[in-house]
Amino acid sequence: MPTGVVIFHTSSAAIRSEKILLKGGLTVKLIPTPREFSSDCGIALRFEWDEEANVRQLLEAAGVELASIRRFR
Amino acid sequence: MIYLDHAATSWPKPPGVIRAMADYLESAGGNPGRSGHSLSIEAGRIIYAAREAVAELFHAPDPLRVIFTLNATHAINLALCGLLRPGDHVVTSGIEHNSVMRPLRALENRGVRITVVACNTDGSLDPARVAAAITPRTRMVAITHASNVTGTILPVREVAEAAHNAGALLLLDAAQTAGVLPIDVQAMGIDLLAFTGHKGLQGPPGTGGLVIGERVSIGQMEPLVRGGTGSRSEHEFQPEDVPDKFEGGTANGCGIAGLGAGVRWILSRGVNAIRSHEIELTRVLLEGLRAIPGITMYGVGNPSACTAVVSFTMRGRRVSEIGLQLDEEYGIMCRVGLHCAPAAHRTIGTFPEGTVRLAAGISTDSGEIRAAVDAVAEIARKPAS
C-alpha cells in the first residue's frame, strides 16, 4: 500500500502531529525524515496515502505548522 | 527534621518525579529530535508531553511556545536579553530578585533605560505607580508574581493592563508561584512567563522555562544560545521555529521528564487545593510568630495576599544565629540573609542584615508549623549568645 510522509520544521511539531493523528484514529509512525525530501536529520510522520485528505484536514484544524506532505513509497 | 525552605527548592519530591527521571534514563535514552530511531523518538515524546503539561497548567494555547530552560533565571535572561534593545525602556519593581535586577543592570550598561517603581514597605505594589512610570519608549514591564522575601503577591492583572495600554509586554517572574498560585497567562495578560521547575512544580533542579505569548514576535526575539536543534540542519543559521530557536543544544531530557511528572502531579492535586493548604499553613505561622515578644514581621501579614513565605527578625539577634540554632537545636531548615534580593530587603528595611525566612510547601503540615513557632519562641526566651 502506498504511504505518504508529513515533513516538519521541528521534531516537536512531528510529535504533536503524531498525537493528533492517532487521536483521529489514523495509523501513523514517526520515522527518520527520508533524505529525498529533506536534508534534515529530524523526524517525519508516515501515514497511509489513502488518508492524505484526513491527515491534511486534522493537522490544519489543529493549526500545526508543517513543511510539506509528500507521497513516499 | 522540619523542612521550611520550599521557597529555595521543594523537598521531598513526589516519588513519581524520581521514577520518571529513572525511567527516562533506563528506557528513553536517545537524543530527542535528533536521530529518528525509537529511543530518540521516545525521548522526544516525553519532552513534548512535559510541554503539554506545562501549557495546560498555565492555560497557554500553544505547547510549542513553552521553551525549556535551566531555571527561571535563564528564562528571565532569555526574555530580557532577547527582546530589549538600546533605547528601549523597561519598568520593574522594588521587590525584585537578582534574577531580574542583574540582567537589567547589565542591559542598562548597554543603553536600555530602567525605572524601578518603589513598593510599599510590606512589599506590595501600587499598579497606578507602574502606569505612571510607563512612557512611549517602554517596551516591557518585568515584575515578580510574589516576593521571595515576604511572599507578597503583586497585582499582575492590573500591571498587565497598564503595560498593554502602552503597547508594552509583561514579563512575569513566577519562580515563587508556579504550582502554588493559579496562573492563567491568557486571562492575566502575561506575555512572557518565566518559571522554575524545582520549586512549586516539584521537579528537579536544572529545569524551568519561558512561556511565550502571542503578543511576542518570535522573529524579533533573539536566542541566548545558538546551536544544533535536529531541525533544518542544512542551514548554518539558527532556525526561526519554536521551540527550536531558543533550545539550541541537547535538552536536559532527564530533568524535563521529572518536571513533566511534577506538573502532572500538580494538575492531579489541583493548584487551588495546594493554595488552600498553604494559606492555612501561613495563617498558623503568622499568628504564632506574631505572638512572640521581640519578633518583627515583614510583608502584608494576610495569608490570602501572600505565598507561604514568612520573613522575620528578632530584637538583639543576628539572623545567622537564629538560623544556626533552628538547624542545630531543632532540625528546622530555613534560609537567612538577603535571599539574593537586595532590592527587596531595602524596600522592607532589612538591608544589609536580612531576615529569617520560613517557607512552607505542599509537604508541610500544620504540626510542623507549630513546632517551628515553638522553636522560635524558645530561642526568643533564651539570652542572646
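None of these values were measured; they are calculated from a predicted model. (Residues numbered from 1 in each chain as written. Chains lettered and ligands numbered in written order. Predicted model: local features only at pLDDT ≥ 70, side-chain atom pairs only at ≥ 80, totals over all residues. Heavy atoms only, no water.)

Peer 1: Honestly, helix α4 (residues 98-109) of chain B in this entry has me stumped. Any pointers?
Peer 2: Because the α-helix completes a turn every 3.6 residues, residues three or four places apart line up on one side. Residue and element names in this part refer to chain B. For α4, with 12 residues, the first-to-last C-alpha span of 16 Å sits near the 16 Å given by 1.5 Å per residue. Of all the residues in α4, the buried ones are Asn98, Ser99, Val100, Met101, Pro103, Leu104 and Leu107. Packed against the buried residues of α4 are α3 (72-83), β3 (89-93), β4 (113-117), β6 (169-173) and α11 (342-348). Phi for Gly111, located one or two positions after α4, is positive at around 100 degrees. (Helix = DSSP H or I, 4+ residues; strand = E, 2+ residues; numbered from the N terminus. Expected span 1.5 Å × (residues − 1). Buried < 20%, exposed > 50% of the residue type's maximum accessible area, 1.4 Å probe, protein only. Contact = heavy atoms within 4.5 Å.)

Peer 1: Please explain the pairing of strand β1 (residues 3-7) of chain A as it appears in this structure.
Peer 2: Each regular strand shows side chains that alternate between the opposite faces of the sheet. Residue and element names in this part refer to chain A. Counting buried positions over the five residues of β1 gives five, a clear majority of the element. Taken together, the four bridges between β1 and strand β4 (residues 68-71) define a ladder with antiparallel strand orientation. Within β4, the residue paired with Gly4 across the bridge is Arg71. (Pairing = 2+ DSSP bridges.)

Peer 1: Mind showing me how you'd approach the interface of chain B and chain A here?
Peer 2: Between chain B and chain A, the residue contacts involve 21 residues of the former and 18 residues of the latter. Between chain B and chain A, roughly 1,600 Å² of surface is buried when both sides are summed, and carbon and sulfur atoms account for 53% of that area. Across the chain B-chain A interface, the total number found is two salt bridges. A salt bridge links Arg45 of chain B to Glu18 of chain A, with the shortest nitrogen-to-oxygen separation between them at 2.6 Å. Taken together, chain B and chain A are joined by four residue pairs in polar contact (both at pLDDT 80 or more). Looking at the side of chain B that touches chain A, its residues break down into five nonpolar, seven polar and nine charged. (Buried area = accessible area lost by both parts, 1.4 Å probe. Salt bridge = Lys/Arg side-chain N within 4 Å of Asp/Glu carboxyl O. Polar contact = N/O pair within 3.5 Å; in protein donor to acceptor, adjacent residues only side chain to side chain. Nonpolar A, V, L, I, M, F, W, Y, C, P; charged D, E, K, R; others polar.)

Peer 1: Explain the sheet that holds strand β9 (residues 295-297) of chain B to me, please; I cannot follow it from the model alone.
Peer 2: Two strands in a sheet stick together by hydrogen bonds in their backbones, pointing the same way (parallel) or opposite ways (antiparallel). Residues and elements named next belong to chain B. Strand order in the open sheet formed by four strands is β9-β10-β13-β12, with antiparallel pairing between adjacent strands. Looking along the sheet, the strands with just one partner apiece sit at the ends: β9 and β12 (335-337). For this sheet, the mean inter-axis angle between neighbouring strands, taken without regard to orientation, is 30 degrees. (Axes fitted to C-alpha atoms, helices over the stretch in contact; angles between N-to-C directions.)

Peer 1: Help me out: how do you make sense of the pairing of strand β8 (residues 208-212) of chain B in this one?
Peer 2: Residue and element names in this part refer to chain B. A large share of β8 lies buried, amounting to five of its five residues. Of the two faces of β8, the one holding Gly208, Leu210 and Ile212 and the one holding Gly209 and Val211 are both buried throughout. In the sheet, strand β2 (residues 66-69) pairs with β8 via four bridges, with the strands oriented antiparallel. Across the sheet, residue Ile67 finds its bridge partner in β8, namely Leu210. Relative to β8, strand β7 (residues 192-196) runs antiparallel, the two sharing five bridges. When the bridges of β8 are listed, Thr196 appears paired with Gly208.

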